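Notes for the structure review
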Amino acid sequence: MDMLASENSDMDDYNFFVGQEFSDVKIFRKKIKEAAIAQHFELRIIKSDLIRYFAKCATDGCPWRIRAVKLPNVSKFAIRSLEGTHTCGKNAQKGHHQASVDWIVNFIEERLRDNMNYKPKDILQDIQRQYGITIPYKQAWRAKERGLAAIYGSSEEGYCLLPAYCEQIRKSNPGSIAQVFTTGSDNRFHRLFVAFHASIYGFLKGCLPLVGLGGIQLKSKYLGTLLSATCFDADGALFPLAFGVVDAENDESWMWFLSELHKLLELNTENIPQLTFLSDGQKGITDAIKRKFPTAFHGFCMRYLTESVNKEFKNSRLVHLLWKAAYSVTAGGFKERMAEIEEVSPEAAKWIQEIPPCQWAVPYFEGSRFGHLSSNIEEFNKWILEARELPIIQVIERIHSKLMFEFDDRRVRSLGWMSRLAPSAEKRMSEALSRASAFQVLRSDEVEFEVLSSDRSDIVNIGTRRCSCRDWQLFGLPCCHAVAALISCRKDFYAFSASFFTVANYHQTYSRVIHPIPDRSEWSKAIEGSMDEDNRVLVRPPKFRRPPGRPEKKRLCVEDLNREKHTVHCSRCNQTGHYKTTCKVIVKGIEYF
């Protein structure tokens, strides 16, 4: 009953009558097309131009006819005659000739403006729900691509505008780096590198010397991967340093990206800081760091490593123990956690042991990570998740807009901070101070102390800024034992905190402004005034378009270490191909299932 009422309502929405007027011929054509689709009949257009429109129902024997004409001296169109009623019934539920790609584009345009990730399957569902017809998936996909191009510009146009856009970045934000590289005689897009001056300055003046590296596939018409270098500010928040787009992510592209990163640091500081890199451990990144930053440390991103283990063994208990092993502060504690992992799964323990612990575990890692065992690349990737299907310029504009907002928001918010350290560091110091009040401190000499608690004793050296619990060394902030020792000798424990965490450093990090970029209408004028037509570089898209189907999953770091996939081994029957829990071998009269 409800369905019948709904159908009648749809029919009423598209009822026509003689004398009915429309503002112009386009509106009339759109209305008659929607009526045909909604009421499930096919149109056979006999005559259609700027002054006349004559059509009938395409079903043989159906008497329905309509004729409309343009009114004199105005743009309006009016129905002159309307004959017969449909006797054909609903005959277009599985498709409709009038439901063209252009019609679908018109149907989805507003939805695309609100949600650029409006999926083809959702388009199919919405059209089925509203008009009761089924269109091919490919037609919906093509309509979405055309709709995005109409709203945001085509992918081809995006590559073509790159040189002008890079020029505008450099002009509006002096000191920034924005370069596009092409390949071949026909200037195909190859690579793009962007680093805003405010980001470079903020990193060198206030961020932790900790850099995360990673890539994310773009989903536009052509192949491409966004590579990025991100850092941590004094409050532990994401701080993007530089990013680039390459036509393909491989060893060569990572070598190029790290080379550009090294060059920008050389240009902006006399002494490049001692850096620690975090990544997924793929070979291309490892080799590039060794080549371009030979004195830097390189560790695995623990989030990526634990996700790999979970995917390989499907065991959350293993993931929990792996995190505990990574955060162990002593070699003994690490070995205990690894023994627990071996009890749960010998195969997993063997798999993990093939990755050198000096690349991920706290007791063996030589570089400074300040408590950050995972990179924040995934957080940066979320900035552009919605824009991945758009032309390359739209992706860069999304990052630029987000950077403008975050820099301004954090700069203003930090003006109200009254503490000496950024909030997250201040909280850690407050907790240490609270615990320190319960300790007994014995002084050995000017710099060395023994700090006694109810269950342990720790040696603190305020000269070397070390504690036997290792928290001071690992986090860059005095631990509770160090705070107790410093208070006992009436020293300012804040003065023994790493300068990276101070509010003053935070202000320096966001002291430079990221300026807006002029509207596109200004770009062409700037280019025309700065170079001759003959010298202008026209960047063309990469040769290869994005292939159909679901993209290949990102490689696991274990594969980059050239490790063979582990063989499942049963500890009961000593055979391969199954685990102990699924063993069906009969041992000593007992059948195991």
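The structure under discussion appears in the preceding block.
This report concerns the structure included in the present document.

What counts and what doesn't
- Residues numbered from 1 in each chain as written.
- Predicted model: local features only at pLDDT ≥ 70, side-chain atom pairs only at ≥ 80, totals over all residues.
- Heavy atoms only, no water.
- Pairing = 2+ DSSP bridges.
- Helix = DSSP H or I, 4+ residues; strand = E, 2+ residues; numbered from the N terminus.
- Buried < 20%, exposed > 50% of the residue type's maximum accessible area, 1.4 Å probe, protein only.
- Lys, Arg positive; Asp, Glu negative; His and termini not counted.
- Salt bridge = Lys/Arg side-chain N within 4 Å of Asp/Glu carboxyl O.
- Contact = heavy atoms within 4.5 Å.
- Core = buried A, V, L, I, M, F, W, Y, C linked by side-chain atoms within 4.5 Å.
- Axes fitted to C-alpha atoms, helices over the stretch in contact; angles between N-to-C directions.
- Left-handed = near helix turned anticlockwise from the far one by under 90°.
- Nonpolar A, V, L, I, M, F, W, Y, C, P; charged D, E, K, R; others polar.

1. Points about the sheet that holds strand β16 (residues 466–467)
Ordered in space as β13-β14-β15-β16, the four strands form an open sheet in which the pairing is antiparallel. Each edge of the sheet is formed by a strand with only one pairing partner; in this case those strands are β13 (440–443) and β16. As defined by bridge partners, β13 adjoins strand β14 (residues 448–452) across four bridges and the pair is classed as antiparallel. The residue bridging R443 from the neighbouring strand is F449, located in β14.

2. Remarks on the side chain of R369
Position of R369 relative to the elements: it lies in the loop between α14 (346–353) and α15 (377–383). Here R369 occupies a buried position and makes no salt bridge, while the nearest side chain of opposite charge, E366, is found at 11 Å. Residues contacting R369, with those up to four places away along its chain left out, are L210, T276, L278, F300, W360, A361, V362 and L474.

3. Digging into the pattern of salt bridges
Overall, the coordinates contain 23 salt bridges when judged by the stated rule. Residue K76 pairs with E21 through a salt bridge whose shortest N-O separation is 3.8 Å. Linking K76 in the loop between β4 (65–70) and β5 (77–83) with E21 in strand β1 (residues 21–22), this pair joins segments that are 55 residues apart in sequence. The shortest N-O distance in the salt bridge between K283 and D287 comes to 2.8 Å. Taken as a pair, K283 and D287 lie in helix α10 (residues 283–292) at a separation of four residues, close to a single helical turn.

4. Considerations on the nonpolar core
Counting 68 residues, the largest nonpolar core has L213, L258 and F277 as its most contacted members. The residues contacting F277, other than those within four sequence positions of it, are V211, L213, L258, L261, I289, F293, A296, F297, H298 and G299. Counting residues in each nonpolar core, the second largest holds 31 residues, with A432, C467, A484 and L486 among its members.

5. Considering the packing of helix α9 (residues 251–268) against α10
At their nearest, the axes of α9 and α10 sit 8 Å apart, and the two run at 35 degrees to each other. Pair α9 / α10 crosses with right-handed handedness. Contacts between α9 and α10 involve D251, W254, M255, L258, S259 and H262 on the former and, on the latter, K283, G284, I285, D287, A288, I289, R291 and K292. In the contact of α9 with α10, the residues fall into six nonpolar, three polar and five charged.

6. Topic: the sheet that holds strand β6 (residues 177–183)
With mixed pairing, the seven strands of this open sheet are ordered in space as β6-β7-β10-β9-β8-β11-β12. Edge strands, defined here as strands with exactly one partner in the open sheet, are β6 and β12 (297–300). On average, each strand axis in the sheet is tilted by 20 degrees relative to the strand beside it, whichever way the strands run. Note: strand β8 (residues 210–217) against strand β9 (residues 225–232), six bridges, orientation antiparallel. Each bridged residue has a counterpart across the sheet, and for Q217 the counterpart in β9 is T225. Sheet contacts for helix α8 (residues 197–206): β6, β7 (188–195), β8, β9 and β10 (238–246); angle to β10, the most-contacted strand, approximately 130 degrees. Contacts from α10 reach β8, β11 (276–279) and β12 within the one sheet, and its direction differs from that of β12 by about 165 degrees.

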